[in-house]
Amino acid sequence: MDKISGLTISEHNNSKRIINIDLENEIIDKLIFPFNKFDLTALELKPFTRFTIAKSLDDLTNNKLSKLMNSIIRDRSTGCFVIGPKNITAKINDKFLVKLSTAIAHLIGTPNHDSMAGKYYARFVVKHEDKSDSYLRKAYKNMDLHTDGTYVKEVTDWLLMSKIDEQNAEGGETAMLHLDDWEHCDDLYNDPVGKQNFVWGSPKSKNVDYKVEHPVFSSDENGKPNISYIDQFPEPKNMEQGNFLQRLSDALEESKNKTITKLPVGSSIIANNYFWLHGRKPFKENEELSRELLRIRGSFFIN
């Protein structure tokens with residue numbers, strides 16, 4: 001891999017498809033000043049400020065970081081990277097991490113409006129008790145493998161998830177699966193039912209008041225399979241679709257080729273949303289459990 005000053009680049013311990021990008025202290029220190037120019041309200045209300053801090057980050061690597069990230073995320077053989085500070089210091093708080101996540105996302109593409117949060121990103125906490133209508137916050141349930149954006153009209157090319165904070169958490173590891181590593185992919189992809197239109201809705205907490213229709217499987221420009229799927233939101237029209245979804249769910253969850261990883265606090269995982277599925281293992285029960293995550297998802301720049 002090419003060396004870039006201020007970055008440590010390596011293969012992930014658990015998968016050659018995932019690349020680690022560690023930001024050295026010198027990069028973090030030089031971000032403090034440009035990041036302090038804008039508070040979170042400015043970033044939320046003035047979209048151009050997000051590109052300003054993204055440029056500040058990229059300029060510190062002579063514009064090599066954006067090229068590296070885009071080459072990884074668009075490459076079918078990889079399509080995923082983990083990026084974050086090499087060392088967590090007192091300078092790195094939750095506001096800094098929101099800004100860093102924003103900068104990273106805006107070097108890849110344009111974020112979608114997140115209806116759940118009402119802005120370009122969502123922050124949410126997973127705790128011991130939960131009364132929500134989604135698996136997202138249910139700490140002790142397995143969050144099955146899925147892709148994002150299944151129930152919205154916006155194009156969702158990529159997903160960024162950052163771990164802002166974590167307390168008293170045991171378990172809750174991130175599960176990832178690349179379609180090309182999934183041992184049941186050919187069987188399900190070649191089933192004609194997977195190419196039918198499915199209706200996709202969402203629970204009230206998502207704040208999306210419409211439904212969309214699209215297949216589970218499609219093909220990329222090279223004829224390789226892409227997937228758009230989450231277990232909670234499809235509304236099967238008949239027995240054929242219902243049984244297909246059950247087979248699909250079982251085949252994903254029983255896969256032996258998942259990559260299980262524990263994302264460090266302060267780090268972000270960014271994945272191509274067409275051929276990477278993601279999920280979360282259950283936490284071990286603890287009344288003091290708390291994990292705060294940030295999510296940004298969007299489309300690639302069209303140059």
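About the thresholds
- Residues numbered from 1 in each chain as written.
- Predicted model: local features only at pLDDT ≥ 70, side-chain atom pairs only at ≥ 80, totals over all residues.
- Heavy atoms only, no water.
- 1 Å grid on protein atoms, 1.4 Å probe; cavity = no way out; pocket = protein on both sides within 12 Å on 5 of 7 lines; lining within 4 Å.
- Points joined across faces, edges and corners; volume = space filled by probe spheres on them.
- Nonpolar A, V, L, I, M, F, W, Y, C, P; charged D, E, K, R; others polar.
- Salt bridge = Lys/Arg side-chain N within 4 Å of Asp/Glu carboxyl O.
- Pairing = 2+ DSSP bridges.
- Helix = DSSP H or I, 4+ residues; strand = E, 2+ residues; numbered from the N terminus.
- Axes fitted to C-alpha atoms, helices over the stretch in contact; angles between N-to-C directions.
- Buried < 20%, exposed > 50% of the residue type's maximum accessible area, 1.4 Å probe, protein only.
- Contact = heavy atoms within 4.5 Å.
- Phe/Tyr/Trp six-rings, centres within 6.5 Å; stacked < 30°, edge-to-face > 60°.
- Lys NZ or Arg CZ within 6 Å of the ring centre and 35° of its normal.

Let us now look at the layout of surface pockets. Roughly 280 Å³ of internal volume is contained in the largest pocket. Lining the largest pocket are 19 residues; nearest its centre among them are Gly-149, Thr-156, His-214, Ser-228 and Tyr-274. Classifying every residue of the lining of the largest pocket gives 7 nonpolar, 9 polar and 3 charged.

A full pass over the atoms with the stated rule returns 20 salt bridges. Put simply, Asp-114, Asp-148, Arg-295 and Arg-297 are held in one network by salt bridges that share partners.

Turning to the sheet that holds strand β16 (residues 276-280), a few remarks are in order. Spatially, β6-β16-β8-β14 is the arrangement adopted by the 4 strands of the open sheet, whose pairing is antiparallel. Strands at the two margins of the open sheet, each flanked by one partner only, are β6 (143-146) and β14 (259-261). Pairs of neighbouring strands in the sheet enclose a mean axial angle of 20°, with direction left out of account. Strand direction decides the pairing type here: strand β8 (residues 174-178) and β14, joined by 3 bridges, are antiparallel. Residue pairing across strands places Thr-174 opposite Thr-261, the latter belonging to β14.

Turning our eyes to something else, we now look at the side chain of Asp-191. Tracing the chain through its elements places Asp-191 in the loop between α6 (185-189) and β9 (198-200). A residue is classified by how much of its surface remains accessible, and Asp-191, at 17% relative accessible area, is buried. In this structure Asp-191 touches Phe-244 and Arg-247, once residues within four positions along its chain are discounted.

Glancing now at the packing of aromatic side chains. Considering all chains together, one arrives at 7 aromatic pairs under this definition. When the ring of Tyr-151 is compared with that of Phe-233, the centres are 5.1 Å apart and the planes differ by 85°; the resulting orientation is edge-to-face. One end of the pair, Tyr-151, is in the loop between β6 and β7 (158-167); the other, Phe-233, is in the loop between β12 (225-227) and β13 (234-235), with 82 residues separating them in the sequence. Through a chain of ring-to-ring contacts, the aromatic side chains of Phe-198, Trp-200 and Phe-244 assemble into a single cluster. Across from the ring centre of Phe-300, 4.3 Å away, lies the NZ or CZ of Arg-74, which sits over that ring. Positioned over the ring face of Tyr-210 is Lys-153, at 4.3 Å from the centre of the ring.

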